[in-house]
Amino acid sequence: MRTQVVIIGGGPSGLLLGQHLNKAGIENIILERKTKEYVLSRIRAGILEIGTVNQLRELGLAQRMDKEGFVHNGTVISYNDEQIRIDFAEHTNTTVMVYGQTEVTFDLYQGREADGASVIYEAEDIILQEVKSDATYVEFKKGGKTHKIDCDYIAGCDGFHGVSRQSIPITHRKEFEKIYPFGWLGILSETKPIHEELIYANSDAGFALCSMRNANLSRYYIQCDARDNPKEWSDQVFWEELRRRIPTEFADTIEMGPSIEKSVAPLRSFVCEPMQWGRLFLCGDAAHIVPPTGAKGLNTAASDVYYLADALKRHYLQGDPSGVKTYSQRALARVWKAERFSWWMTSLLHHFPEHSKFDQKMQMADVALLKSNPNAQAVLAQNYVGLPY
Ligand code: APR
Ligand code: PHB
């Protein structure tokens, strides 16, 4: 087999890249380790930046998002009973879209199937070969046989635990990491969301987030110990803990119900530099991870894809190598800003067990600045809706 671009991983990064390439007439094959059903069973964040929304619209994949998604003009940040409303529309003239990542992934699969483009599922033991030469190929096993695909380029879209990043020799890659001393316990419940906008809450009892998927599906999170077993958190204890952490006005009126999903996620910041090596380019979680505060994971994956699609289109359609040469620099410049924002929002809103009284005062001063200073609110708003590509 031969193709122009082999895409490793059929998550949102790989699928979005595949759609850009299909539209430009650039041949590509996606190799995915799991089944489509497995990929679509993962529940992830649900906020799309304007840049992500625009990419889906340009690719003709936004019909369902524009019909079923919710446009949000702002968000609420709270500290115990104090509330700060951040008005995105006022500060940035733009908005975000509430639409689950699982739905985005579903729409991308529909688009790919409509194009008749191939995805090879249950591709195992992928090996990237000759990445630094002009004879690049990918080997994998499927159905007990070894297969080989010759290609010009490889896009490593295989998430944090994939093989692509590991294919860059350790001597040529630097990794930067911060592990946070807590996790998020999240539930989905078929209840009416507590408020029309998201509420990011800090409180004396720790962090909580009130989010949503639709008019009758709420998504809530509370800061917990990263080692907690979600099964040991009863729904009742979860709701009690959530209500302790959000302003009384919301705690008093929240609609509670049984959880239909409950899980614990660790919080980590991670960046791999560079994001390219020979003919391999990394996109999304394969190259970087953010803590979920601020919902930058999917959106930063989407900006990587934008730069890579642009680079490959320039190369194949105009014979211009500049984008391919500078991909890592362009992508990393934006990645680090998303890392900074996610780290800052996490620092602002969580309880850190190691914090001294001084550190706590600094956090409260940061909240006070945000409350009183429209410029601080504007900076939050600009980062939240997404910095320009
Ligand atoms: N071979 C083939 N496929 C692989 C391999 C491998 N060795 N390893 C992982 N994969 C597949 C996974 O099964 C998954 O479907 O790669 C895909 C990677 O998807 P994600 O982990 O969702 O990463 P990405 O597409 O970059 O999406 C980024 O998703 O993880 C969230 O917070 C993240 O929202 C962000 C977004
Ligand atoms: C979510 O709805 O799952 C969500 C929203 C905002 C975040 C993180 C997660 O910052």
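Summary of the structure given here. (Residues numbered from 1 in each chain as written. Chains lettered and ligands numbered in written order. Predicted model: local features only at pLDDT ≥ 70, side-chain atom pairs only at ≥ 80, totals over all residues. Heavy atoms only, no water.)

**So, the overall build of the chain**
As a reminder, the rule being used: Runs of E in the DSSP output that reach at least two residues are strands. Runs of H or I that reach at least four are helices, and both are numbered from the N terminus. Each radius of gyration is computed over the set of C-alpha atoms, and the globule rule expresses the reference value as 2.2 Å times the number of residues to the power 0.38. When accessible area is computed with a 1.4 Å probe and restricted to protein chains, residues below 20% of their type maximum are described as buried, those above 50% as exposed, and intermediate ones as partly exposed. In this analysis, two residues are considered to be in contact whenever any of their non-hydrogen atoms come within 4.5 Å of each other. Here the Shrake-Rupley method, with its probe set to 1.4 Å, supplies the accessible areas, and only the displayed protein chains count as covering residues. The charged-residue count follows a simple rule in which Lys and Arg add positive charge and Asp and Glu add negative charge, with His and chain termini not counted at all. Think of each charge as sitting on NZ of Lys, CZ of Arg, CG of Asp or CD of Glu.
Across its full length, the chain holds 12 helices and 20 strands. The C-alpha atoms of the chain give 21 Å as radius of gyration, which agrees with the globular expectation for 389 residues (21 Å, within 12%). For the chain, buried positions account for 54% of its 389 residues. Long-range pairs, those at least 24 residues apart, make up 72% of the contacts in the chain with a sequence separation of at least 6. Carbon and sulfur atoms make up 51% of the accessible area of the chain, which amounts to about 17,000 Å² in all. Placing the 43 positive and 49 negative side-chain charges of the chain at their respective mean positions leaves the two points 4 Å apart.

**Some words on the layout of surface pockets**
What counts, and what does not: Put simply, the grid is 1 Å and covers the protein atoms alone, a cavity is a trapped set of points that fit a 1.4 Å probe, a pocket is an open set with protein on both sides within 12 Å along at least five of seven lines, and lining residues have an atom within 4 Å of a point. Grid points are joined across faces, edges and corners, and a volume is the space filled by probe spheres set on the points. As annotated, the domain borders come from an automatic or database domain assignment.
By volume, the second largest pocket amounts to about 260 Å³. Lining the second largest pocket are 14 residues, and of these Gly-100, Glu-103, Arg-213, Asn-214 and Leu-217 lie nearest its centre. Within the residue set of the lining of the second largest pocket, elements represented by two or more residues are helix 4 (63-68), helix 6 (101-115) and strand 15 (208-214). Of the domains in this structure, domain 1 (5-71 + 98-177 + 268-346) and domain 2 (180-267 + 351-385) are the two that each give at least three residues to the lining of the second largest pocket.

**As for the pattern of salt bridges**
Heads up, the condition is: Salt bridges, as used here, are contacts in which a Lys or Arg side-chain nitrogen is within 4 Å of a carboxyl oxygen on Asp or Glu.
Taken as a whole, this structure holds 25 salt bridges when the rule is applied. We note a salt bridge from Arg-165 to Glu-175, for which the minimum N-O separation is 3.2 Å. With a gap of 10 residues between them, Arg-165 in the loop between strand 12 (153-156) and strand 13 (174-189) and Glu-175 in strand 13 connect regions that are remote in the sequence. For Glu-175, a relative accessible area of 38% translates into the label partly exposed. Put simply, Arg-64, Glu-68, Glu-103 and Asp-107 are held in one network by salt bridges that share partners.

**Some details on the site of ligand 2**
We apply this condition: Whether a residue is near a molecule or strand is decided by its heavy atoms; if any one of them lies within 4 Å of it, the residue is near. In the analysis that follows, any N or O atom pair within 3.5 Å is treated as a polar contact, provided that within protein one partner can donate a hydrogen and the other can accept it, and provided that, for residues neighboring in sequence, both atoms belong to side chains.
In the vicinity of ligand 2 there are 15 residues, among which Tyr-200, Ser-211, Arg-213, Tyr-221 and Pro-292 approach most closely. Within the side chain of Arg-213, an N or O atom sits 2.8 Å from an oxygen atom of ligand 2. When isolated, ligand 2 has an accessible area of 280 Å², and the protein chains bury 100% of it. Elements with a contribution of two residues or more to the shell around ligand 2: strand 15 and strand 16 (217-224). Of all the elements, strand 15 adds the most residues to the shell around ligand 2, at three residues.

**Structural notes on the site of ligand 1**
Formally: When residues are grouped by polarity, Ala, Val, Leu, Ile, Met, Phe, Trp, Tyr, Cys and Pro land in nonpolar, Asp, Glu, Lys and Arg in charged, and all others, Gly among them, in polar.
Every one of the 24 residues lining ligand 1 counts as a neighbour, but Ser-13, Glu-32, Arg-44, Gln-101 and Asp-285 are closest to it. Asp-285 places a side-chain nitrogen or oxygen 2.7 Å from an oxygen atom of ligand 1. In the complex, the protein chains occlude 90% of the 700 Å² of accessible area that ligand 1 would expose alone. Of all the secondary structure elements, the ones that give two or more residues to the shell around ligand 1 are helix 1 (12-23) and helix 9 (297-318). For the shell around ligand 1, the leading source of residues is helix 9, giving three residues. Counted by class, the shell around ligand 1 contains nine nonpolar, eight polar and seven charged residues.

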